[in-house]
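Structural description and commentary
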Amino acid sequence: MTGPGAPTQVPGIGGMPRSAPDVVVLGEVLVELSSLEPLGDGATLRLGFSGDALNAAAASAAAGAHTALVARVPDDELGDQLLARVAGLGVDTSAVVRAAGQHGLYLTHADPSGERQFTYVRRGSAGSGLSVADLDDELLRGAGVVLASGVACAVSDTLAEAVHHAAGVASRFVYDPNFRPRLTSAPQARAHLERLAPLAEVVTPSWPGEVGQLLGLAPGTSADEALAAVVPLGAAHVVMTCGPQGALVSTDGALHEVPGVPAPVVVDQTGAGDCLTGTLAARLALGDDLIDAVRLAAGAAALSVQGQGGTGHVPTLTESRAALAAARPTKELTPR
């Protein structure tokens, strides 16, 4: 497509080369207005940039991976600031498409207890228009890991199609169901999970709420029973995140418990799950064993809640490794 208003590819920013990355993250980046008080007239808001794709990409880059973001960003002054922030987080922007249109935006009240308040303004955004036509199959095939989430599948039909295409092209695909009831229904989210799980090396659902809603599990279902319900969907490995308790991992016919790492300070839990998934994708792409990658990812997620907003605090690889020093050893459970 050529002519005025046509989408353009962004040249490398911050000296990042256009080479095969370790990790490619696909999705929508959002303008974030966050407050430490309930949203209302007179509330003080902090401008930032977030969204699950950016949160995960930032964590992946911080974990040591050459990480490329594939997204559509409006071609305006705020878009320029957004890309500068992405590059500042160490993420390769050379696969970002600049296009006409409005920004997706959300407002959030960050509550340390986890009782967060979200208001989305994203319908018809430029980011939601990402499509298969915007993808570079050579980039996807060459990446160590391609990462996408259920949020991208929920935002628009074209973005969902792009995620399914990327999953089919990628040599290694990681999928985070990331179910958001405000964006989609449980049956629709489950349909995407059922189609994508067989293409995925790892899926990362969360328990208890997400797995229970997506798979229709009865109240009181235990964590290991919930994990066992996800395994038949067909992913090679399942990493079921359990918040501060850590994660349960199904791999090679065995179940493993990876304990959580205590958070030094809890300011805002927004993006903690994205941080875990992004760190996990990075360490898998760089050759780590799955369990070791999950342990490091759990440590990174615990540290990420110290900052306000989805990318308010992105822990470095050194910080995440240090956070594991007092962690309990991984416990192997009896295979089900």
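Above: the structure in question.
Description of the structure in this document. The written sequence of each chain sets the order in which its residues are numbered from 1. At least 70 in pLDDT is required for a residue's local features to be given in this predicted model, at least 80 for side-chain atom pairs to be given and counted, and no such filter applies to totals for whole chains, interfaces and linings, which use all residues. Calculated side-chain values reflect all of the structure's heavy atoms, with hydrogen atoms and water omitted.

1. Topic: unusual backbone geometry
- Note that the residue after tryptophan 207, namely proline 208, is joined by a cis bond; omega there is 10°.
- Secondary structure counts use DSSP, requiring at least four H or I residues in a row for a helix and at least two E residues in a row for a strand, with both numbered from the N terminus. Secondary-structure assignment places proline 208 in the loop between strand 12 (202-203) and helix 7 (209-215).
- For asparagine 178, which is not glycine, the phi torsion reads 40° and is therefore positive.
- With respect to the helices and strands, the residue asparagine 178 is situated in the loop between strand 11 (173-176) and helix 6 (186-196).
- The phi torsion at aspartate 252 lies on the positive side, around 55°, for a residue other than glycine.
- Position of aspartate 252 relative to the elements: it lies in the loop between strand 14 (246-251) and strand 15 (254-259).

2. Re the packing of aromatic side chains
- Geometry of aromatic contacts follows a simple scheme: Phe, Tyr and Trp rings, the Trp one being its six-membered ring, pair when their centres are within 6.5 Å, and the pair is stacked under 30 degrees between planes, edge-to-face over 60, tilted otherwise. Across all of its chains, the model carries one aromatic pair by this definition.
- On the basis of an interplanar angle of 20° and a centroid distance of 6.1 Å, the ring pair of phenylalanine 173 and tyrosine 175 is categorised as stacked.
- Each residue gets one of three labels from its accessible area relative to the maximum for its type: buried under 20%, exposed over 50%, partly exposed in between, using a 1.4 Å probe on protein chains only. A relative accessible area of 1% means that phenylalanine 173 is categorised as buried.
- Using a relative accessible area of 1% as the deciding quantity, one classes tyrosine 175 as buried.

3. Side note on the pattern of salt bridges
- The term salt bridge refers to a pairing of a side-chain nitrogen on Lys or Arg with a carboxyl oxygen on Asp or Glu at a separation within 4 Å. Summed over the entire model, instances satisfying the criterion amount to seven salt bridges.
- A salt bridge links aspartate 75 to arginine 98; the nearest nitrogen and oxygen atoms lie 3.7 Å apart. Taken together, the residues aspartate 75 in the loop between strand 6 (72-74) and helix 2 (77-88) and arginine 98 in strand 7 (residues 97-99) connect sequence positions 23 residues apart.
- Looking at aspartate 75, the relative accessible area reads 54%, which means it is exposed.

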